[in-house]
Amino acid sequence: MVRSLLVIPLLAAALGGIWLARGALQRWRDLRAAQTYELAGDRWPMLVRAAGAMVCGVCVTALTLLTALGAFGGLGHGDQEPDRAEPAVDAVSAGAGEGAAARQQAAPPVVAEPAAASATSSPTVASRFDSVGHPGGGELLQSAVLGPDGQPRNVRVWLPPQYAKESNARFPVVVMHAAAPNKTADAEVPDVFEGINSALQTGRARPFILVTPEAPNGTAHPCDLVAAAPAAVADDATLRTTIAASFRTLPPGPASWGTLGVEGGASCAAAAGLSRPDLYGVAAAVSGRYDAAALAQTGAEAPAGSAAKLLLAAAKADSAGLDAARKLQAALKAGTGPAAKAEVRISDNVQDYTPDRERLRLVRQAAQYLAEALAKAS
């Protein structure tokens, strides 16, 4: 009877130790990746998990000896299994409409004031941004903003948790591009907010606002269109004016605006960063496939006087993605004009148990790279 009672805490301690050890190993890998690309990392989560794993190991050893000897007379309380830290993320999905509606009634929506006339002839519009959820510990809002064709398109804006806490602060902006027409990037990469918030929590970087405009219609592959004609990028003057009028952002420019693309949207981000280094101070492309020749030509035709900064990230097992990144890096280095001056980094050391976990860690690495680069520039 005594031995059977000891089995429960023994298994709990063993499982807890395995979980904590795996978490410590993952944190150690993240720290190695951060050091490789000169990114900041926090050692405490790794140390805490390692210490917890050691404590569990001691408990397993003691309980094993007690079970073998049958010397434990009574069990008042079993060894408690370590609490698992659940990520503070609210998933945004189609089924969350009722909860979002309740939150919307409790707090007034953000309403954009009419923006001042922009330098271009693009029309401006006063947009009402309504709350649609709280993923990644922040707040996600949505509105319809006029596109370059004069038709309204959906635009989603994610505010980091610090936005509500720092009422007088202004934040950098990262524009995330979608790969499919009539979609926003967060619909394609639903865990992007979790990855970004994780980067902001573990890194020593300034938080930023994420803007995900709906990809333009008219082609099945909007990013191919952007690579060939950078003017087709979803981030136009009207969108920038509306975002600046609606939220506490830093002025658009290379010191405060960046761009991000994941998987199908990676080539959009690369094209936007290479074609407009005068607007985007930094760009990050994750798990992409690139037309190296087209992007090198795009970079060569960029405005003179500024050099693009680009991170190309892919999982260690993604040989096709890493090959595409290296070909793009070589094509830019051999290019002409501003393309040859582009600062291109390749991240190739992310490895995890599943593709979803690898994507989450790649997004976290890209977000940390963007946040730190923008903080240094500003």
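Bear in mind that the values here come from a model prediction, so they are computed numbers and not experimental data.

1. Details of the overall build of the protein
Along the backbone of the protein there are 12 helices and 10 strands. Residues counted as buried form 47% of the 378 residues belonging to the protein. Nonlocal contacts in the protein, meaning residues at least 24 apart in sequence, comprise 73% of its contacts between residues at least 6 apart. Element-wise, carbon and sulfur atoms account for 56% of the exposed surface of the protein, whose accessible area totals about 17,700 Å².

2. Let's talk about the pairing of strand β9 (residues 309–315)
For β9, a buried count of six out of seven residues is recorded, marking the element as mostly surrounded by other parts of the structure. The pairing of strand β8 (residues 282–286) with β9 spans four bridges and is parallel. Residue Ala-284 lies in a different strand from β9, and its bridge partner there is Leu-311. For the crossover that starts at β8, traverses helix α10 (residues 292–300) and ends in the parallel β9, the hand is right-handed. Relative to strand β10 (residues 343–350), β9 runs parallel, the two being bridged by six bridges. Following the sheet pairing, Leu-310 is matched in β10 by Val-344. Following the backbone out of β9, through helix α11 (residues 319–333) and into the adjacent parallel β10, one traces a crossover that is right-handed.

3. Section: unusual backbone geometry
Although it is not a glycine, Asn-182 sits at a positive phi angle of roughly 60°. Along the polypeptide, Asn-182 turns up in the loop between β5 (173–177) and α5 (185–188). Judged by relative accessible area, which is 42%, Asn-182 ranks as partly exposed. For Glu-263, which is not glycine, the phi torsion reads 55° and is therefore positive. Counting through the fold element by element, Glu-263 comes out in the loop between β7 (257–262) and α9 (266–275). Glu-263 gets classed as partly exposed once you look at its relative accessible area, which sits at 35%.

4. So, a nonpolar patch on the surface
Taken together, the side chains of Trp-44, Leu-47 and Val-48 make up a nonpolar region of the molecular surface, amounting to roughly 350 Å² of accessible area. Take Val-48: it is sitting in helix α2 (residues 44–69).

5. Considerations on the nonpolar core
For soluble globular proteins, nonpolar side chains are generally found buried alongside one another. By size, the foremost hydrophobic cluster in this structure holds 32 residues, and its most contacted members are Met-176, Val-192, Ile-196, Leu-210 and Leu-260. When residues of this core are traced back to their parent elements, those giving at least two are β5, α6 (192–202), β7, β8, β9 and α12 (355–377). With eight residues, α12 is the largest single contributor of residues to this core. Among all residues touching Leu-260, those that are not within four sequence positions of it are Val-174, Val-175, Met-176, His-177, Ala-269, Ala-284, Val-286, Ala-366 and Leu-370. Counting 23 residues, the second-largest nonpolar core is a separate cluster that includes Ala-266, Ala-296, Ala-308 and Ala-324.

6. Notes on the confidence of the model for the protein
Confidence along the protein averages 77 in pLDDT terms, with 72% of residues attaining 70 or more. Low pLDDT, under 50, characterises residues 71–125; the stretch is placed with 74 contacts to residues that sit more than four places away or in other chains.

Rules and cut-offs
Residues numbered from 1 in each chain as written. Predicted model: local features only at pLDDT ≥ 70, side-chain atom pairs only at ≥ 80, totals over all residues. Heavy atoms only, no water. Helix = DSSP H or I, 4+ residues; strand = E, 2+ residues; numbered from the N terminus. Buried < 20%, exposed > 50% of the residue type's maximum accessible area, 1.4 Å probe, protein only. Contact = heavy atoms within 4.5 Å. Areas by Shrake-Rupley, 256 points an atom, 1.4 Å probe, with all protein chains shown as cover. Pairing = 2+ DSSP bridges. Right-handed = clockwise from strand over helix to strand, strands pointing away. Patch = residues over 30% accessible without salt bridge, like charges linked within 9 Å, V, L, I, M, F, W, Y side chains within 5 Å. Salt bridge = Lys/Arg side-chain N within 4 Å of Asp/Glu carboxyl O. Core = buried A, V, L, I, M, F, W, Y, C linked by side-chain atoms within 4.5 Å. pLDDT = per-residue confidence, 0-100.

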